[in-house]
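# Summary of structural features
Read off the chains here:
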Amino acid sequence: MSGPPRPDALSLRGLSVHYGVLPVLEQVEAHFAPGRMTAIIGPNGAGKSTLLKAALGLVPVAAGEVRFFGQPLAAARARIAYVPQRASVDWDFPVRAVDVVQMGLYRSLGLLGRRTAAHRAKAMECLERVGMQDYALRQIGALSGGQQQRVFLARALAQGAELFLLDEPFAGVDAATESAIVSVLQGLRDGGATVVAVHHDLSTVPAYFDRVLLLNRTAIAEGPVATAFTREALGRTYGGTLPMDPELAAQ
Amino acid sequence: MMLEALLLRAGPNATLVTLAALTLGFAAGVVGAFLFLRKRALVSDAIAHATLPGVGLAFLAMVALGGDGRLLAGLLLGAGLSALLGLGALQLLTRHTRLPEDAAIGAVLSVFYGLGIVILTLIQGLNTGHQAGLESFLLGSTAGMLRADALLIAGGGAVALALVGLMRRPLTMVAFDPGYATVMGLRPRLYDLALMVLTLGVVLIGLRVVGLILIVALLITPAVAARMWTDRVGVMALVAGAIGGAAGYLGAAVSAAVPGVPTGPVIVVLAFAGFVLSALFAPRRGLVVRLLQTRALRRRMRAA
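Rules and cut-offs
- Residues numbered from 1 in each chain as written.
- Chains lettered and ligands numbered in written order.
- Predicted model: local features only at pLDDT ≥ 70, side-chain atom pairs only at ≥ 80, totals over all residues.
- Heavy atoms only, no water.
- UniProt positions renumbered as here; feature names shortened; annotations may be inferred.
- Helix = DSSP H or I, 4+ residues; strand = E, 2+ residues; numbered from the N terminus.
- Rg over C-alpha atoms; globule rule 2.2 N^0.38 Å.
- Buried < 20%, exposed > 50% of the residue type's maximum accessible area, 1.4 Å probe, protein only.
- Contact = heavy atoms within 4.5 Å.
- Pairing = 2+ DSSP bridges.
- Axes fitted to C-alpha atoms, helices over the stretch in contact; angles between N-to-C directions.
- Phe/Tyr/Trp six-rings, centres within 6.5 Å; stacked < 30°, edge-to-face > 60°.
- Buried area = accessible area lost by both parts, 1.4 Å probe.
- Salt bridge = Lys/Arg side-chain N within 4 Å of Asp/Glu carboxyl O.
- Polar contact = N/O pair within 3.5 Å; in protein donor to acceptor, adjacent residues only side chain to side chain.
- Nonpolar A, V, L, I, M, F, W, Y, C, P; charged D, E, K, R; others polar.

Chain B is annotated in an unreviewed UniProt entry as Zinc ABC transporter permease of Cereibacter changlensis JA139. The record held by UniProt for chain B lists under Subcellular location (unreviewed entry) the comment "Cell membrane". Chain B has a UniProt comment under Sequence similarities (unreviewed entry) that states "Belongs to the ABC-3 integral membrane protein family."

The name recorded for chain A in an unreviewed UniProt entry is Manganese/zinc/iron transport system ATP-binding protein, from Cereibacter changlensis. Reading the Sequence similarities (unreviewed entry) entry of the UniProt record for chain A gives the comment "Belongs to the ABC transporter superfamily."

In structure tokens, the structure reads:
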């Protein structure tokens, strides 16, 4: 890669988070290079979701520094899109798929802006990119888990962000949705965006991602899949109960 | 008399009172829709009951200052301050004890209401000669309402409606997905506070018409009924406003025509009728349509 050096899309320095007296993250160092697709991997309770939430100011940070594109969060909000875990949403809420996507346009609309035909067209275009245009008028709870996840991805697309943070985007979705989401995310990366996803399925890491962050309360290893996603590093992350063999998956 | 009241021909004062009840009902429906979506419906009941000590104390203060004691604006000021204390107590209980919110609401509601009843009883024993009418804050009464009172209520309702209109998008985003709203730069706490202030405003202007015991029903029933009709927040808020407004308008007319009937219960029964009609006949979510669909499905299964 040539050209002027770009700052990391997201960098965490000495990030610590506590829930009450319980430490969840301790002194995490992590740097997410721009234009790359990174998986955050680790056992349950390792603090993967908390890492995203702390970076985004959703849970209080006990210590450490978070920078987006070299700036504090407040200065970089317009460049960040977040896809939360599906469980965090009220499914009986009276919104349709297209309304959810239009929430991604809030920053360009503001408090008083009028919703125009251009906004509606943009929302429909984003639904098309995830293959959900035929479900635009369905209430969000009437969609399957995979369809819901695609709608939330479309909402993130509508923001026109440069950094996408996704919390378990493949949890509880069918194979068709998983491959649809992966190809959208890889398309974003190929267009220069940065993608960071909390991920569970070790067998798909080499196929989907460029880089990994192995996390268990603190950063165990970080780097390109080829060098950081090793049996030894996974052993240290998962503490001996390794769910699969990464060298086999790489073949 | 009833027809005249309905057609707004029962005299200029009665007309103004009916229009005030309509505005109140509409504002309660719209604010209630967002309260329901944010799952804070019960908090409004605590706010309403917490107004009562303030009503009594404001009356005493105004009498002590040599006033009439029945000035609505003064009573509502006292009610508002007392409700803010109640909200503060609720916050303290939920943040610093292990009480779940519903238990904290029950505690605040009953303690403030009990204190208010004690103060009102003491006032009944005084010999000011003006205390008649304070009980109307319990169940509401439009009888003998002054022109200025009606204007205050209608004006307050209009302001609340304008504020909800202004904040509809952030309120919707915070209610649907607070985490995402935060990442988008909205502050859920700020909008939750705004929603509480709006609720307090509706409760205050509703005290005279509906009363503090039943105002929660005018906030929530139209919202629940409206949810039956639509899958869109904006439409739901407007339908809730229409149901609340109709209940307020009809209730005020009925109570103008039938002397002695407390206005609040009539309005609430009418709003509940709106809910029953919605639950039965709404397209898709209504009971009748769902029964017909089930029967059609059974018939097809049998035929197959």
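And the narrative resumes.
## A word on the overall build of chain B
When its secondary structure is counted, chain B shows 14 helices and zero strands. Start at the N end of chain B and walk to the C end: the helices and strands fall as α-α-α-α-α-α-α-α-α-α-α-α-α-α. A globule of 304 residues ought to have a C-alpha radius of gyration of about 19 Å, and chain B, at 21 Å, matches this closely. Its C-alpha atoms give chain B principal-axis dimensions of roughly 80 × 55 × 35 Å. Burial analysis of chain B (304 residues in total) assigns 50% to the buried set. Pairs at least 24 apart in sequence give 75% of the contacts found in chain B among residues at least 6 apart.

## Concerning the sheet that holds strand 3 (residues 37–41) of chain A
Residue and element names in this part refer to chain A. The strand order 5-6-7-3-8-9 describes an open sheet built from six strands, whose pairing is mixed. Two strands close off the open sheet at either side, each with one partner strand: strand 5 (80–83) and strand 9 (218–224). Strand after strand, the sheet turns through a mean of 15° between neighbouring axes, direction not considered. For strand 5 and strand 6 (residues 163–166), the ladder comprises four bridges, and the chain directions are parallel. Each residue of the ladder has a partner; that of Ala 81, found in strand 6, is Phe 164. Along the sheet, helix 10 (residues 231–238) makes contact with strand 3, strand 8 (211–216) and strand 9, crossing strand 8 at roughly 30°.

## Some remarks on the packing of aromatic side chains
Counted according to the given criterion, the structure contains six aromatic pairs over all chains. On the numbers, 5.9 Å between centres and 35° between planes, the contact of Phe272(B) with Phe275(B) is tilted. With a gap of three residues between them, Phe272(B) and Phe275(B) both fall in helix 13 (residues 263–281), about one helical turn apart. Relative accessible area serves as the criterion here: at 47%, Phe272(B) is assigned to the partly exposed category. By relative accessible area, Phe275(B) is classed as partly exposed at 22%. Cluster of aromatic residues (ring-pair linked, three or more members): Trp91(A), Phe93(A), Phe152(A) and Phe176(B).

## Considerations on the side chain of Thr15(B)
Mapped onto the elements, Thr15(B) comes out in helix 2 (residues 12–37). Setting aside residues up to four positions removed in sequence, Thr15(B) forms contacts with Leu8(B), Arg9(B) and Ala10(B).

## Digging into the side chain of Thr18(B)
Here Thr18(B) is to be found in helix 2. When residues no more than four places from it in sequence are discounted, the contact partners of Thr18(B) are Leu8(B), Tyr249(B) and Ala252(B).

## Description of unusual backbone geometry
Positive phi is not limited to glycine here, since Arg217(A) has a value of about 70°. Along the polypeptide, Arg217(A) turns up in the loop between strand 8 and strand 9. Arg217(A) gets classed as partly exposed once you look at its relative accessible area, which sits at 37%. For Arg284(B), which is not glycine, the phi torsion reads 70° and is therefore positive.

## Some words on the interface of chain B and chain A
Facing the 25 residues of chain B at the interface are 31 residues of chain A. Taken together, the two surfaces of chain B and chain A that pack against each other cover about 2,600 Å², and 63% of this comes from carbon and sulfur. It is Arg169(B), Phe176(B) and Tyr180(B) in chain B that bury the most area against chain A; as a group they hold 32% of the surface buried on that side. One can count three salt bridges joining chain B with chain A. One can count ten residue pairs in polar contact (both at pLDDT 80 or more) joining chain B with chain A. Considering each element in turn, the side of chain B that touches chain A owes the most residues, seven residues, to helix 8 (residues 147–176) of chain B. Taken together, the residues of the side of chain B that touches chain A sort by class into 13 nonpolar, five polar and seven charged.

## Some details on the pattern of salt bridges
Tallied over the entire structure, the rule returns 16 salt bridges over all chains. A salt bridge links Arg67(A) to Glu65(A), with the shortest nitrogen-to-oxygen separation between them at 3.5 Å. Accessibility expressed as a relative area gives 30% for Glu65(A), which makes it partly exposed. Across the pair Asp231(B) and Arg284(B) runs a salt bridge, and its minimum N-O distance is 3.6 Å. Placement of Asp231(B) in the loop between helix 11 (215–227) and helix 12 (233–257) and of Arg284(B) in the loop between helix 13 and helix 14 (287–303) is noted, with a sequence separation of 53 residues between them. Under the relative-accessibility criterion, Asp231(B) is labelled buried at 12%. Note on Arg284(B): relative accessible area 60%, which makes it exposed. By sharing partners, the salt bridges in this structure join Arg13(A), Glu65(A) and Arg67(A) into a single network.

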